[in-house]
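Results of the structural survey
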Amino acid sequence: MDVAVEVAQAAAAHVRVRRPEVFGPDADPTPGHEVSVQTKSTPTDPVTIVDTETEQVLRGLLAERRGDDAILGEEGGGRTDSVAGIRWVLDPIDGTVNFLYGLPAYAISVAAQIDGVSVVGVVVDVARDIVYSAARGSGAHATAPDGTVTTLTCNPITDVSLALVATGFGYSAGRRTVQGRLIGELLPRVRDIRRVGSAALDLCMVASGAVDAHFEHGLSPWDWAAGSLIAEEAGAVVRVPSPSSSSADGAVTVAAARGIDADFTAMLDEIGALAPIPSD
């Protein structure tokens, strides 16, 4: 936990410094702008120079402190088919589109897994400087900029029709089409939907009670490895893909407050939202 918090906070500090340096006050979010923005799976799926720099910061610090451990990172890669032993799972900036546009909802996500199971998770809300953390069996906590530590607990909600639900969308047109249909069927049955743009923060919001549930298709291990543990340790019922999965598989990630989990899961099943949505 100490290592995870240390490296995540160092990465967050790097991001805070580099955004104004790279993009300035009039950031242009166009792919290719000043060769600082490239794309991955589609033209709407960006990666910035700050993403790659930040993963290098994380990897460098982990090499110094945990040199024998495996690493899987969104930008730097690593083996997804081998989960035995200790593996660090890194997302240098979860919410890159928000980061590009200056929307204050992007995070550093660092998890340590043993045999594919997350045992430590840290998510830093970069803009708000809040550190969400959890160790398996030890609860989940949020540390404010002034050092105040709050124990995280999901909302005591029992009526799924009153649930505020967070979700996210893929980058391929085919997956988005299916996801749009699912939202159309789900929206009349719950209080409302929120799309923040960072799965790691969505899962932490389930933990803190800012939302009541989260579901999303096509997350990679670095998207859910830390946040799902934080949600689980705060009392949520969590369902995650295989630790060797990839975004292309389209498996669903679900986290819901315990009081609505059964009804929410049944609702997702009824509309077909528990089935994978493979990328096209």
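Counting restarts for each chain: residues are numbered from 1 in the order of the written sequence. Whole-chain, interface and lining totals are the exception, using all residues; otherwise, since this is a predicted model, local features are given only for residues with pLDDT of at least 70 and side-chain atom pairs are given and counted only at 80 or more. Hydrogens are left out, water is left out, and the side-chain values use all remaining heavy atoms of the structure.

**Some words on the UniProt feature "binding site: Mg(2+) 2" (unreviewed entry) in the chain**
- As recorded in UniProt, the sites labelled "binding site: Mg(2+) 2" (unreviewed entry) are Ile-93.
- Each helix corresponds to a stretch of at least 4 residues labelled H or I by DSSP, and each strand to a stretch of at least 2 residues labelled E; elements are numbered beginning at the N terminus. Along the polypeptide, Ile-93 turns up in strand E4 (residues 86-94).
- Contact definition: two residues touch when any of their heavy atoms are within 4.5 Å. Ignoring any residue separated from it by four or fewer positions in sequence, one finds Ile-93 in contact with Val-15, Val-50, Asp-51, Glu-74, Phe-99, Tyr-106 and Ala-107. UniProt positions are given in the numbering used here, feature names are shortened, and annotations may be inferred rather than shown by experiment.

**Some details on the domain arrangement of the chain**
- Splitting the chain by domain gives domain 1 (1-151) and domain 2 (160-271).
- The interface is formed by 42 residues belonging to domain 1 together with 24 residues belonging to domain 2.
- Note: buried area is the sum, over both parts, of the accessible area (probe 1.4 Å) each one loses when the two are combined. Both faces combined, the contact of domain 1 with domain 2 buries some 2,300 Å², and carbon together with sulfur accounts for 64% of it.
- Together, Asp-94, Tyr-132 and Arg-136 form the three largest contributors to the area buried by domain 1 at its contact with domain 2, with a combined 19%.
- Here a salt bridge means any side-chain nitrogen of Lys or Arg lying within 4 Å of a carboxyl oxygen belonging to Asp or Glu. Here domain 1 is connected to domain 2 by one salt bridge.
- With a closest N to O distance of 3.3 Å, Glu-232 and Arg-136 form a salt bridge.
- Polar contacts here mean pairs of N or O atoms no more than 3.5 Å apart (in protein, one a potential hydrogen donor and the other a potential acceptor; neighbouring residues in sequence count only if both atoms are side-chain atoms). Where domain 1 packs against domain 2, one counts 10 residue pairs in polar contact (both at pLDDT 80 or more). Those domain boundaries reflect an automatic or database domain assignment.

**Some thoughts on the pattern of salt bridges**
- Per the counting criterion, the structure on display carries 12 salt bridges.
- The shortest N-O distance in the salt bridge between Arg-16 and Asp-129 comes to 3.0 Å. On the criterion of sequence distance, the pair formed by Arg-16 in helix H1 (residues 2-23) and Asp-129 in the loop between strand E6 (117-125) and strand E7 (130-135) is long-range, its members being 113 residues apart.
- Type-normalised accessible area, obtained with a 1.4 Å probe on protein chains alone, sets the label of each residue: buried when under 20%, exposed when over 50%, and partly exposed for intermediate values. By relative accessible area, which is 35% here, Arg-16 ends up partly exposed.

**Examining the UniProt feature "binding site: Mg(2+) 1" (unreviewed entry) in the chain**
- In this numbering, the UniProt entry assigns the feature "binding site: Mg(2+) 1" (unreviewed entry) to Glu-74, Asp-91, Asp-94 and Asp-223. Their sequence span is 150 residues, while the largest C-alpha to C-alpha distance among them is just 9.4 Å; these annotated residues converge on one region.
- Relative to the helices and strands, Glu-74 resides in the loop between strand E3 (70-73) and E4.
- A residue is classified by how much of its surface remains accessible, and Asp-94, at 6% relative accessible area, is buried.
- Not counting chain neighbours up to four residues away, the residues in contact with Asp-94 comprise Ala-105, Tyr-106, Ala-107, Ser-198, Ala-199, Ala-200, Leu-201 and Asp-223.

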